[in-house]
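# Survey of secondary and tertiary structure
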Amino acid sequence: AGEVEASISALRANGTTIVDGLYAATYAMLRHGGECRDAVVAWMSRYCDANKGRGKMQIRELECGSHGGAANLSSVALRLAQPFLNPGSGKFTKIDPNYVRSRKCRLDLSDETRVAAQHDVVESAGTMPESEEPADGYGFICECFHIAARAMHLGYVKCVNEQVSVYQEIGRRQEHMRPGWEEETRAHMASSVPGGAPNEFQRTQMERQIEQIRKEMEDCKTSFAMFQTVLDDPKAVIETMQFYRLTATWLIWVATQGKDASGGNALGREIIAMGESGAAVKSPLATPPPPSFALLPEYLFEDMVDFLLYAYRFVQGNPATRHALDGERLDEFMSLFVLLLGSPEYVKNPYLRAKFVEILMTWLPGDPDDPDGMNRGGRGWNPRMADLFEGHPLALNGLIPALLRLYVDIEFGGGANQFYDKFNIRNQIGHLCHYLWRVDSYKRSWQTLAEADVPFYIRFVNMLVNDAIFLLDESLKALPEVRQFEQDTENQLEWAQRPARERRERETANRQNERNLRNELTLARGHVRMMGYTSREIAAPFLLPEMVERIAAMLNYFLLYLAGPERRKLKVKDPEKLGWNPKELLSMITEIYLNLFNADKDGVFVAAIAADGRSYKDEVFVETSNVLRQLGLKSNHDISRFDELAERVRLVAAQAEEEEADLGEIPDEFLDPVMYTLMTDPIKLPSGGTMDRSNILRHLLTDETDPFTRQPLKAEDLVPDAELKAKIDAWIAERKSAAGKA
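These numbers come from a predicted model, not from an experiment. (Residues numbered from 1 in each chain as written. Predicted model: local features only at pLDDT ≥ 70, side-chain atom pairs only at ≥ 80, totals over all residues. Heavy atoms only, no water.)

## Observations regarding the packing of aromatic side chains
The description of two aromatic rings rests on the distance between their centres and on the angle between their planes. Rule in force here: Pairing of aromatic rings covers Phe, Tyr and Trp, the last through its six-membered ring, and needs centres within 6.5 Å; plane angles under 30 degrees mean stacked, over 60 mean edge-to-face, and all others mean tilted. Here a strand is any run of E in DSSP of at least two residues, a helix any run of H or I of at least four, and the numbering for each starts at the N terminus. Summary of the burial criterion: residues with accessible area below 20% of their type's maximum are buried, those above 50% are exposed, and those between are partly exposed, where the area comes from a 1.4 Å probe applied to protein chains only. Remark: a charge is flagged as sitting over a ring if the NZ atom of Lys or the CZ atom of Arg is within 6 Å of the ring centre and within 35 degrees of the ring normal.
Within the structure shown, the criterion is met by 35 aromatic pairs. For the pair Y312 and W363, a centre-to-centre distance of 5.8 Å together with 80 degrees between the ring planes defines the contact as edge-to-face. With Y312 in helix α12 (residues 299–315) and W363 in the loop between α14 (350–362) and α15 (383–390), the pair connects residues that are 51 residues apart, well separated along the chain. An identical accessibility class is assigned to Y312 and W363; each is buried. By way of ring pairs, the aromatic residues F145, Y156, F243, Y244, W250 and F307 are connected into one cluster. Here the basic side chain of R405 rests over the ring of F456, its NZ or CZ set 4.4 Å away from the ring centre. Lying across the ring of Y407, R426 places its NZ or CZ 4.6 Å from the centre.

Dropping the structure here:
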């Protein structure tokens with residue numbers, strides 16, 4: 001190890017000598033000024049234009065410069081930018097954001113995605129009118145910054161992304177090259193040969209392929225070591241960190257149209273005042289965004305987040321460079337992320353905003369009760385990061401609203417895998433929220449949002465519930481499949497007698513099934529946990545007419561799985577390997593029951609449980625109480641409350657059954673046309689149809705269209721049908737009177 005570190009240090013020293021020489025030569029030419037300076041700036045711009053293919057996912061090596069050349073250019077550009085990288089100097093205000101759409105811009109950015117402007121806007125407004133061009137042109141600081149940002153995009157940051165790709169490829173190959181992989185590979189190749197008996201030539205070919213796989217793995221490790229040697233150099237990392245800290249400060253200044261040149265401090269005071277007024281905290285940014293911001297290249301933001309993710313995962317994860325970033329300020333980054341996380345008008349790409357969440361995840365301070373990180377993979381308590389989250393004014397008041405708005409926005413991400421991507425992104429948001437909920441200021445911010453912006457918060461709760469239902473349902477349906485495979489393979493002699501292809505296919509399918517199950521259970525646990533702690537303090541949204549029946553049906557359905565007669569089918573040999581903890585999940589589900597029961601002053605939750613004809617079973621509630629008591633999953637007080645809930649539901653269910661018998665057959669005009677249940681609060685739709693209020697509001701939470709005509713429809717378009725309600729009330733009174741129960 002010592003020899004390796006010495007070699008790395010020597011290589012980095014040589015690299016530094018080369019960059020020092022390149023910088024000295026470039027700086028000397030720039031100091032001449034005039035045509036000489038102009039020619040140097042023009043050459044650096046042309047280098048970027050000639051190598052813009054490096055910005056694509058796949059680099060065509062014969063058409064672009066090497067990694068080394070591009071990395072050297074970005075290193076020299078960073079050195080040239082050093083005099084104005086301190087945000088406190090205020091020199092960044094000389095960087096004109098309109099340079100990127102100026103006719104005088106030396107860089108070809110015609111193919112670049114803009115952060116907030118659609119393509120048609122770029123076509124029409126992407127070039128600045130000549131009348132708006134500055135009379136004295138753009139200064140060196142402005143051009144130096146934009147060229148440095150472009151050089152970083154094509155050089156250092158591109159290399160960072162290449163290293164991450166190599167790391168992921170090594171992980172995939174290691175998974176394939178698990179113990180015994182050579183024999184599996186030989187058996188697989190042999191099975192493709194007629195008769196399953198390869199000849200000498202075919203065996204030689206097999207061994208060559210196996211050796212090729214080993215060589216490719218070694219090549220990947222060599223590439224990773226090469227990138228790590230250059231990119232993890234603490235000096236390069238710190239210089240890059242300073243550049244992107246300046247970039248974050250500048251972007252805040254541009255977004256606020258010059259209102260905040262302090263990296264977010266001025267906005268922090270504005271947000272605090274907003275929070276203290278009791279109003280919902282809204283973004284202080286004007287909408288629509290100014291063209292100077294909207295037309296900035298997206299790579300300015302993408303490169304910043306890619307570098308930060310790399311720095312806090314790879315650089316800090318390397319024992320040799322673990323402390324390289326210990327003294328670096330993160331406040332400006334935090335300000336920028338809080339501002340943009342919940343602002344789709346300013347960053348149209350939700351997956352870019354989701355990367356902000358990834359960075360915040362890497363900054364979580366850990367658990368103060370686990371200072372050495374024994375329970376978190378060695379990641380211990382970090383008081384510096386705790387200060388960042390708990391002492392940042394803009395974050396304290398604006399981070400929770402921003403996170404929850406992204407949680408909702410990501411439903412419509414637009415990516416090829418958006419359905420599955422949203423679960424992983426929401427899981428990361430859930431991890432952040434779980435930490436933030438334990439900080440009083442963040443909890444108050446959350447409660448303020450729930451009270452001040454009820455329509456938005458109901459949409460959030462609805463998506464939280466939808467995800468929990470899908471993920472838990474998929475998990476609980478997959479567990480019996482894993483159990484069946486375990487039973488089929490228990491007798492190894494019988495299993496060995498099955499055809500080799502069948503065994504191989506089922507083993508492959510089971511590995512994939514276990515992987516999916518592990519992931520889904522992890523995601524489901526995070527969603528159910530969030531429902532648990534939020535319903536304890538903010539129960540009202542869960543009890544609204546459009547939500548309460550869905551919540552009750554969800555809880556009943558999963559309680560039936562966990563405590564009902566079929567629960568033995570969920571038993572597997574190694575539940576820990578799958579992340580399957582039925583005791584924990586049962587405790588979490590019953591906690592939600594208790595939280596909502598404690599807040600249920602009007603009995604709507606109890607009534608909704610009783611009305612669930614699909615999953616509600618009184619005997620399951622009785623068995624749940626027994627299990628909670630036997631396993632010590634809840635306190636005696638909680639179990640007594642659960643028993644009380646069960647008794648209340650039992651009585652309401654009996655009353656409802658009796659009332660249903662009294663009412664008899666319901667006239668068709670009183671039935672909700674979608675759910676075929678008796679309407680209690682009929683609502684007229686603009687299309688002329690009628691639905692029960694709770695049903696149409698529940699529909700609008702996920703689909704703002706008329707269910708009959710598919711035309712756009714919002715809650716404010718609904719009108720109470722007073723005449724029909726009077727008829728229904730009169731009919732109910734008449735039926736009860738006829739049954740002698742007026």
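## Some points on the packing of helix α16 (residues 393–409) against helix α19 (residues 454–490)
Note the cut-off: An axis is simply a line fitted to the C-alpha atoms; with a helix, the fit covers only the stretch in contact. Between two such axes, the angle follows the N-to-C directions and lies from 0 to 180 degrees. An angle below 35 degrees is treated as roughly parallel, one above 145 as roughly antiparallel, one from 65 to 115 as roughly perpendicular, and anything else as oblique. For any pair of crossing helices, the crossing counts as left-handed if the nearer helix is rotated counterclockwise from the farther one by less than a right angle, and right-handed if it is rotated clockwise. By the convention used here, residues are in contact when the closest approach between their heavy atoms is within 4.5 Å.
Taken N-terminus to C-terminus, the directions of α16 and α19 make an angle of 60 degrees; their axes are 10 Å apart at the nearest point. Classed by the angle they form, the pair α16 and α19 counts as oblique. Between α16 and α19 the crossing geometry is left-handed. Listed contacts from α19 to L404, R405, Y407 and V408 of α16 are F456, Y457, R459, F460, M463, L464 and D467.

## Focus: the sheet that holds strand β2 (residues 690–692)
Note the cut-off: Pairing between two strands is assigned when DSSP locates at least 2 bridges connecting them.
Taken together, three strands build an open sheet; the order of strands is β2-β1-β3 and the sheet is antiparallel. This sheet does not close on itself; its edge strands, each paired only once, are β2 and β3 (719–720). Judged from the three bridges that link them, strand β1 (residues 682–684) and β2 form a sheet pairing that is antiparallel. Residue pairing for β2: K684 is matched across the bridge by T690.

## Looking at the side chain of T185
Within the secondary structure layout, T185 lies in helix α7 (residues 181–191). Beyond its immediate chain neighbours, meaning those up to four positions away, T185 contacts H176 and I210.

## Quick notes on unusual backbone geometry
Omega for the bond connecting T287 with P288 falls within 30 degrees of zero, at -5 degrees, which places this linkage in the cis form. Secondary-structure assignment places P288 in the loop between α10 (265–276) and α11 (291–294). Phi is positive for R710, which is not a glycine, with a value near 65 degrees. Mapped onto the secondary structure, R710 falls in the loop between α28 (693–702) and β3. On the basis of relative accessible area, R710 is assigned to the partly exposed category, the value being 46%.

## Notes on helix α2 (residues 34–50)
Put simply, the test is: One fewer than the residue count of a helix, multiplied by 1.5 Å, yields its expected span.
For α2, built from 17 residues, the straight-helix expectation of 24 Å at 1.5 Å per residue is met to within 8% by its first-to-last C-alpha distance of 24 Å. The complete set of buried residues in α2 reads V40, V41, A42, M44, S45 and C48.

## Considering helix α26 (residues 618–631)
Defined as follows: Here the arc refers to the directions that run from the helix axis out to each C-beta atom.
Across its 14 residues, α26 extends 20 Å between first and last C-alpha, which sits within 8% of the 20 Å expected from 1.5 Å per residue. Those residues of α26 lying buried are V620, F621, T624, S625, V627 and L628. For α26, the angular spread of the buried residues around the axis is 165 degrees, confining them to a single face. Set apart from the buried face of α26 by more than 90 degrees, the exposed residues are E619 and Q630. Looking at the buried side of α26, the elements it contacts are α22 (545–563), α24 (582–599), α25 (604–611) and α27 (636–663). The first or second residue beyond α26 is G632, which carries a positive phi of 65 degrees.

## Things to note about empty space enclosed by the protein
Definition in use: The pocket and cavity definitions rest on a 1 Å grid over protein atoms only: a 1.4 Å probe that fits but cannot leave marks a cavity, an open set with protein on both sides within 12 Å along at least five of seven lines marks a pocket, and residues lining either have an atom within 4 Å of a point. Grid points are joined across faces, edges and corners, and a volume is the space filled by probe spheres set on the points.
With the rule as written, the count across this model stands at four cavities of 30 Å³ or more. Here the largest cavity defines a volume of roughly 70 Å³. The wall of the largest cavity is formed by L472, L521, A524, R525, G579, W580, N581, E584, L585 and M588. Elements that contribute at least two residues to the lining of the largest cavity include exactly α21 (500–537) and α24. As a volume, the second largest cavity reaches approximately 50 Å³. Residue lining of the second largest cavity: V41, M44, A77, L80, F140, E143, C144, I147 and A148, and that is the complete set. For the lining of the second largest cavity, the secondary-structure elements that each account for two or more residues are α2, α3 (67–81) and α5 (140–154). No other element matches α5, which puts five residues into the lining of the second largest cavity.

## Regarding the packing of α24 against α25
Which entries qualify depends on this criterion: Gly is placed with the polar residues, together with every amino acid not listed as nonpolar (Ala, Val, Leu, Ile, Met, Phe, Trp, Tyr, Cys and Pro) or charged (Asp, Glu, Lys and Arg).
The interhelical angle for the contact between α24 and α25, taken along N-to-C directions, is 130 degrees, at an axis separation of 8 Å. Of the possible angle classes, the one that applies to α24 and α25 is oblique. Contact residues: Y593, L596 and F597 in α24; F605, V606 and I609 in α25. Residue composition of the contact of α24 with α25, grouped by class: six nonpolar, no polar and no charged.

## Comments concerning the state of the cysteines
As a reminder of what qualifies: Any two cysteine sulfur atoms lying within 2.5 Å of each other are counted as a disulfide.
One pass over the structure, following the stated rule, counts zero disulfides. For the unlinked cysteine C48, the closest cysteine sulfur is that of C105, found at 11 Å. Exposure remark for C48: the relative accessible area of 0% places this residue in the buried category. The cysteine C220 is free of any disulfide, with C159 supplying the nearest cysteine sulfur at 16 Å. Take C220: its relative accessible area is 14%, and that puts it in the buried class.

## A closer look at the nonpolar core
Quick reminder of the rule: To form a nonpolar core, buried Ala, Val, Leu, Ile, Met, Phe, Trp, Tyr and Cys residues must be joined to one another through side-chain atoms within 4.5 Å.
Core analysis: the largest hydrophobic core is formed by 197 residues, its most contacted members being W363, F389, W446 and F605. No other element matches α19, which puts 15 residues into this core.

## Notes on the environment of S9
By secondary structure assignment, the location of S9 is in helix α1 (residues 2–31). Sequence separation of S9 and R529 is 520 residues, and the distance between their C-alpha atoms is 47 Å.

## Some details on the confidence of the model for the protein chain
Short version of the rule: The quantity called pLDDT is the predictor's confidence in a given residue, expressed from 0 to 100.
The predicted model of the protein chain averages 89 in pLDDT, with 95% of residues at 70 or higher. Confidence over residues 374–378 falls short of pLDDT 50; this stretch has six contacts with residues more than four positions distant or in other chains.

## A closer look at the pattern of salt bridges
Quick reminder of the rule: Whenever Lys or Arg places a side-chain nitrogen within 4 Å of a carboxyl oxygen from Asp or Glu, that contact is recorded as a salt bridge.
Taken as a whole, this structure holds 51 salt bridges when the rule is applied. For D111, the salt bridge goes to K52, with nearest N and O atoms at 3.5 Å. Here the residue D111 occupies a position in the loop between α3 and α4 (119–125), and K52 occupies one in the loop between α2 and α3, the gap between them amounting to 59 residues. Taking the relative accessible area as the measure of exposure, K52 reaches 30% and is therefore partly exposed. Put simply, R693 and D681 hold a salt bridge, and the shortest N to O gap is 2.6 Å. Here D681 lies in the loop between α27 and β1 and R693 lies in helix α28, a separation of 12 residues in the sequence. By relative accessible area, which is 28% here, R693 ends up partly exposed.

## Topic: a nonpolar patch on the surface
The condition that has to hold: Only residues whose relative accessible area exceeds 30% and that form no salt bridge are eligible for patches; like-charged ones are grouped when within 9 Å, while nonpolar side chains (Val, Leu, Ile, Met, Phe, Trp, Tyr) are grouped when within 5 Å. Note that accessible areas follow from Shrake-Rupley with a 1.4 Å probe, and for residues the cover is restricted to the protein chains shown.
A surface patch of nonpolar side chains, amounting to about 270 Å² of accessible area, comprises V674, M675 and F708. If you trace the backbone, M675 turns up in the loop between α27 and β1.

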